[in-house]
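Working through the structure, step by step
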Amino acid sequence: MYNPQLNERGELKHLLTTEGLPQRIIENILDTAASFVSVGERDVKKVPLLRGKSVFNLFFENSTRTRTTFEIAAKRLSADVLNLNINASSTSKGESLLDTIANLSAMQADMFVVRHASSGAPYLIAQHVAPHVSVINAGDGRHAHPTQGLLDMYTIRHFKKDFTKLRVAVVGDVLHSRVARSDIHALTTLGVPEVRVIGPRTLLPNGLEQLGVHVFHDMDEGLKGVDVIMMLRLQNERMQGALLPSAQEYFKNYGLTPERLALAAPDAIVMHPGPMNRGVEIDSTVADGAQSVILSQVTFGIAVRMAVMSICASH
Amino acid sequence: MYNPQLNERGELKHLLTTEGLPQRIIENILDTAASFVSVGERDVKKVPLLRGKSVFNLFFENSTRTRTTFEIAAKRLSADVLNLNINASSTSKGESLLDTIANLSAMQADMFVVRHASSGAPYLIAQHVAPHVSVINAGDGRHAHPTQGLLDMYTIRHFKKDFTKLRVAVVGDVLHSRVARSDIHALTTLGVPEVRVIGPRTLLPNGLEQLGVHVFHDMDEGLKGVDVIMMLRLQNERMQGALLPSAQEYFKNYGLTPERLALAAPDAIVMHPGPMNRGVEIDSTVADGAQSVILSQVTFGIAVRMAVMSICASH
Amino acid sequence: MYNPQLNERGELKHLLTTEGLPQRIIENILDTAASFVSVGERDVKKVPLLRGKSVFNLFFENSTRTRTTFEIAAKRLSADVLNLNINASSTSKGESLLDTIANLSAMQADMFVVRHASSGAPYLIAQHVAPHVSVINAGDGRHAHPTQGLLDMYTIRHFKKDFTKLRVAVVGDVLHSRVARSDIHALTTLGVPEVRVIGPRTLLPNGLEQLGVHVFHDMDEGLKGVDVIMMLRLQNERMQGALLPSAQEYFKNYGLTPERLALAAPDAIVMHPGPMNRGVEIDSTVADGAQSVILSQVTFGIAVRMAVMSICASH
């Protein structure tokens with residue numbers, strides 16, 4: 001089957017989604033990332049792998065946090081990084097997305113890191129770039145956020161070693177979450193035998209069972225015995241909407257408290273993609289507690305993005 | 001005659017306009033750019049010519065696209081690049097342009113790349129900087145956009161070799177176009193025997209004939225037998241104004257269609273400074289067609305800017 | 001006494017304020033800066049002291065000018081610099097300041113340069129960063145702007161050599177000025193025997209005498225015989241407020257004119273932190289005159305920031 005992320009030799013050329021990403025590719029990314037974790041701990045946090053390459057951060061949707069993680073990763077690989085906030089620019093002059101990409105490609109870009117509010121935009125770009133250019137999806141609409149999915153996998157592997165023995169719960173607003181989608185595909189590919197999804201009916205999409213996950217609306221029941229709890233961010237705009245009665249009510253039913261955490265396995269880890277809404281989806285005691293690996297996710301995230309960039313650039 | 005762009009030895013110190021720029025200087029820039037085109041094709045797209053130099057992108061008018069081309073050019077020359085969006089800054093605090101420049105000069109800047117809505121602002125700056133500092137005009141009001149003019153000359157030379165045998169048509173909103181002005185001056189200096197300007201009366205300035213160009217209001221007539229067609233961007237704001245009936249009407253009369261292109265020489269090239277309004281000044285078939293060299297302009301633009309920066313910095 | 005700026009060996013770890021900063025530390029910063037002044041005059045303005053370090057410019061309050069000085073300083077030290085405009089980012093998503101800092105720290109930041117509208121924000125951050133991270137205060141509320149204070153000391157030492165024989169006048173809106181506070185503390189620590197403060201009652205805070213300064217409301221009297229005149233910027237927003245009758249009235253009473261300057265010592269120097277309001281707090285003849293060292297302050301400011309950054313990073 002044709003996979004737009006791979007080149008004709010089956011190597012990673014673009015990173016667009018974790019869906020359909022072969023297990024050997026995911027594992028190669030995680031193995032490569034392991035070698036970059038130590039780079040971040042060095043005195044001189046730089047390797048010359050992307051020296052003289054031009055990496056364009058194309059953020060059609062503002063996200064300082066995600067843009068920063070890619071910018072650090074690229075700079076630690078010694079790339080030249082160019083940040084383009086596209087809203088304020090050509091798009092407002094009526095230029096089409098593909099004309100913008102064609103132009104930037106003609107400047108001999110080597111890599112585009114793309115954040116876009118429309119699902120599929122990074123695919124469209126990947127189909128139109130020159131053969132030597134790679135596209136990394138940094139979040140497209142509700143569709144995918146594959147580097148977040150991969151850094152989550154790195155974190156789980158770091159703390160739990162073997163995916164094939166785990167029970168993992170993904171909790172919260174799965175309906176609007178590109179992170180949840182990227183996590184579920186990666187967990188399945190890596191052989192996690194039991195993936196649970198926990199949330200209110202209004203925030204879970206239809207058809208989750210077809211992805212091979214178990215759906216729970218009762219949080220206490222869903223958390224029982226799990227090894228990994230992956231909390232999702234609740235978008236502020238949902239809280240005032242018709243989908244939810246209130247933030248307080250949400251916390252009462254789906255907030256991760258110490259009491260609820262005690263229902264999981266004793267050595268369960270707690271994850272969150274950030275930024276957190278303390279007191280809405282997660283209690284501060286848990287967020288800052290001994291089982292939280294939330295800041296490790298951030299640290300590993302730089303290494304995973306370095307791995308993805310260096311692997312794509314090498315093909 | 002005193003030329004504010006040249007130093008006392010007649011060498012290029014600032015690039016402010018193509019008007020009055022000696023032919024030998026233009027040709028030196030194009031020759032130097034040729035050597036930088038290959039840098040963009042290398043694995044490591046960097047040369048150390050501006051290492052340890054501080055290049056300030058001073059954009060008093062927002063333009064992500066143009067700023068990006070200068071930023072890439074400077075980074076490929078190994079300069080340290082600082083992007084300053086001046087609207088949001090000192091100017092709003094009431095500091096004068098010259099105080100801003102004096103301050104940045106005191107930070108030991110080596111080069112200012114200036115985009116400003118007021119014609120002449122880069123001249124004013126060039127008159128007040130320290131002797132070791134160069135100023136590159138990245139577009140001032142309706143006045144000049146000399147690096148665009150020079151990259152257009154590079155593109156024409158690349159595809160047509162000999163300027164002294166060409167018929168060139170500049171088409172569209174010449175009245176508001178700094179690009180058109182910079183192109184016409186450079187074409188004349190380089191010995192193009194026949195420069196034509198095509199556009200509606202409302203979008204052509206008075207006095208064009210004094211520049212040595214031939215004026216056409218009928219596009220079909222103007223395109224007959226030309227070797228180079230330089231399309232101009234139609235600013236969106238003109239389309240609703242009193243100067244033009246509508247975008248559709250404009251396209252009917254001055255849009256470059258395959259039928260019109262067929263009136264030019266069979267090997268004529270089509271140019272556009274971007275961003276394009278497809279279906280307004282140019283048909284998509286032509287923009288993406290075999291005679292279009294629009295993306296080559298972009299690629300050569302980086303090399304030309306590297307050339308201008310390295311030549312100015314060396315004097 | 002515990003000093004949050006120093007590590008357990010009494011070395012500079014964070015720069016938060018000049019208040020309580022030991023004389024030996026200030027002098028070490030000025031001595032180190034002296035060696036960096038020459039770097040700015042070199043052809044290649046770079047030293048590798050911070051190579052592979054990640055410096056984050058965290059500007060919770062917009063200031064292109066100050067951000068630029070730190071960005072240049074860091075780049076001349078060969079650091080990787082990341083600019084974060086935090087208003088537009090996580091804060092708007094409801095993330096707390098400390099969560100933002102924890103996240104960026106987890107990306108293995110080495111240094112935070114912090115500008116914040118709230119006094120004390122850099123202290124809070126310094127208390128929560130990892131042990132290897134340094135925090136530099138780039139201006140917090142009305143509280144402190146220590147690098148400005150230190151570059152002012154560098155400038156005074158450069159032109160006047162010996163602090164222990166000087167009469168220094170600080171003139172203007174001391175009430176709202178973090179610069180004034182940082183200057184007064186540094187001047188006192190360095191042994192300046194006579195620090196005067198000149199301004200209208202409405203723009204001077206209570207308790208100035210406790211800082212060991214002499215208060216003058218009459219400018220002519222206050223300027224008599226001083227060796228250094230440190231003008232302060234008058235914020236535009238004060239001019240329309242209840243604190244001042246008008247800009248003209250202010251200039252009449254507290255503007256530094258050539259006539260008033262003549263009251264000071266014949267070799268007195270004139271300083272201003274910029275951006276200047278010409279014709280409000282200072283006459284253009286004085287600002288551009290032979291006794292003005294305002295642009296030297298800017299030049300020395302880069303060297304002083306390089307010194308602070310390299311000293312903090314080395315501990």
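These numbers were taken from a predicted model, which means no experiment stands behind them.

Remarks on the overall build of chain A
Helix and strand counts for chain A come out as 12 helices and 9 strands. Whereas a compact globule of 315 residues would reach a radius of gyration of roughly 20 Å, chain A reaches 19 Å, a difference of no more than 12%. Its C-alpha atoms put chain A at 55 × 40 × 40 Å along the principal axes. Within chain A, buried positions represent 64% of all 315 residues. Residue pairs at least 24 apart in sequence account for 73% of intrachain contacts in chain A once pairs closer than 6 positions are excluded. Total accessible area on chain A stands at roughly 11400 Å², and carbon and sulfur atoms take up 51% of it. Taking the 31 positively charged and 31 negatively charged side chains of chain A as two groups, their mean positions are separated by 4 Å.

Considerations on the relation of the copies chain A and chain B
Rotating chain A by 120° and translating it 0.0 Å along the rotation axis places it on chain B, where the RMSD comes to 0.0 Å. Classification of the inter-copy transformation places it as that of a three-fold axis.

Here's the deal with unusual backbone geometry
Here the amide bond leading from glycine 274 of chain A into proline 275 of chain A is cis, since omega sits at -10°, within 30 degrees of zero. Within the fold, proline 275 of chain A resides in the loop between β9 (269-271) and α11 (284-287). For lysine 161 of chain A, which is not glycine, the phi dihedral falls at a positive 65°. Along the chain, the position of lysine 161 of chain A falls in the loop between α5 (146-160) and β5 (167-171). A residue is classified by how much of its surface remains accessible, and lysine 161 of chain A, at 60% relative accessible area, is exposed. Positioned with a positive phi, glutamine 108 of chain B is a non-glycine residue whose angle comes to about 60°. Tracing the sequence through the fold places glutamine 108 of chain B in the loop between α3 (97-106) and β3 (111-116).

Quick word on the sheet that holds strand β3 (residues 111-116) of chain C
All names here are of chain C. Taking strand neighbours across the sheet as the criterion, the 4 strands line up as β2-β1-β3-β4 in an open arrangement whose pairing is parallel. At either margin of the open sheet sits one strand with a lone partner, and together these are β2 (80-85) and β4 (134-140). Strand-to-strand, the axes of this sheet are offset by a mean angle of 15°, without reference to chain direction. As judged from the 6 bridges shared by strand β1 (residues 54-59) and β2, these two strands associate in the parallel manner. Each residue of the ladder has a partner; that of asparagine 57, found in β2, is asparagine 83.

Quick word on the interface of chain A and chain C
Taken together, the contact between chain A and chain C spans 26 residues of the former and 25 residues of the latter. Counting the surface lost from both chain A and chain C, the interface buries some 2200 Å², and carbon and sulfur atoms represent 46% of this. There are 4 salt bridges connecting chain A and chain C. In this structure, lysine 45 of chain A and aspartate 110 of chain C form a salt bridge, with 2.5 Å as the shortest nitrogen-oxygen distance. For the pair chain A and chain C, the interface holds 13 residue pairs in polar contact (both at pLDDT 80 or more).

Here's the deal with the domain arrangement of chain A
Many authors give the size of an interface as the accessible area that is lost as the parts come together. All names here are of chain A. Domain annotation for chain A reports domain 1 (23-144 + 301-314) and domain 2 (146-297). Taken together, the contact pairs 26 residues of domain 1 with 21 residues of domain 2. With both sides pooled, the region where domain 1 packs onto domain 2 buries about 1900 Å², and carbon together with sulfur makes up 60% of that total. If you sort the residues of domain 1 by the area they bury against domain 2, Ile26, Leu30 and Arg142 come out on top, with a joint share of 32%.

As for the environment of valine 135 of chain B
All names here are of chain B. Here valine 135 lies in strand β4 (residues 134-140). C-alpha of valine 135 to C-alpha of valine 55: the two residues are 80 residues apart in sequence and 9.8 Å apart in space. Contact partners of valine 135, with chain neighbours within four places excluded, come to Lys13, His14, Leu15, Leu16, Phe112, Val114, Pro122, Ile125, Ala126 and Val129.

Points about the packing of aromatic side chains
All told, the structure shown has 9 aromatic pairs over all chains when counted by the stated rule. Look at tyrosine 250 of chain B and tyrosine 254 of chain B: their rings are 5.7 Å apart centre to centre, the planes differ by 35°, and that puts the pair in the tilted class. With a gap of 4 residues between them, tyrosine 250 of chain B and tyrosine 254 of chain B both fall in helix α9 (residues 247-254), about one helical turn apart. Both residues of the pair, tyrosine 250 of chain B and tyrosine 254 of chain B, count as buried. Between the NZ or CZ atom of arginine 305 of chain A and the centre of the ring of phenylalanine 70 of chain A, over which it lies, the distance is 4.8 Å.

What counts as what
Residues numbered from 1 in each chain as written. Chains lettered and ligands numbered in written order. Predicted model: local features only at pLDDT ≥ 70, side-chain atom pairs only at ≥ 80, totals over all residues. Heavy atoms only, no water. Helix = DSSP H or I, 4+ residues; strand = E, 2+ residues; numbered from the N terminus. Rg over C-alpha atoms; globule rule 2.2 N^0.38 Å. Buried < 20%, exposed > 50% of the residue type's maximum accessible area, 1.4 Å probe, protein only. Contact = heavy atoms within 4.5 Å. Areas by Shrake-Rupley, 256 points an atom, 1.4 Å probe, with all protein chains shown as cover. Lys, Arg positive; Asp, Glu negative; His and termini not counted. Charge placed at Lys NZ, Arg CZ, Asp CG, Glu CD. Least-squares fit on C-alpha atoms with pLDDT ≥ 70 in both. Pairing = 2+ DSSP bridges. Axes fitted to C-alpha atoms, helices over the stretch in contact; angles between N-to-C directions. Buried area = accessible area lost by both parts, 1.4 Å probe. Salt bridge = Lys/Arg side-chain N within 4 Å of Asp/Glu carboxyl O. Polar contact = N/O pair within 3.5 Å; in protein donor to acceptor, adjacent residues only side chain to side chain. Domains from an automatic or database assignment. Phe/Tyr/Trp six-rings, centres within 6.5 Å; stacked < 30°, edge-to-face > 60°. Lys NZ or Arg CZ within 6 Å of the ring centre and 35° of its normal.

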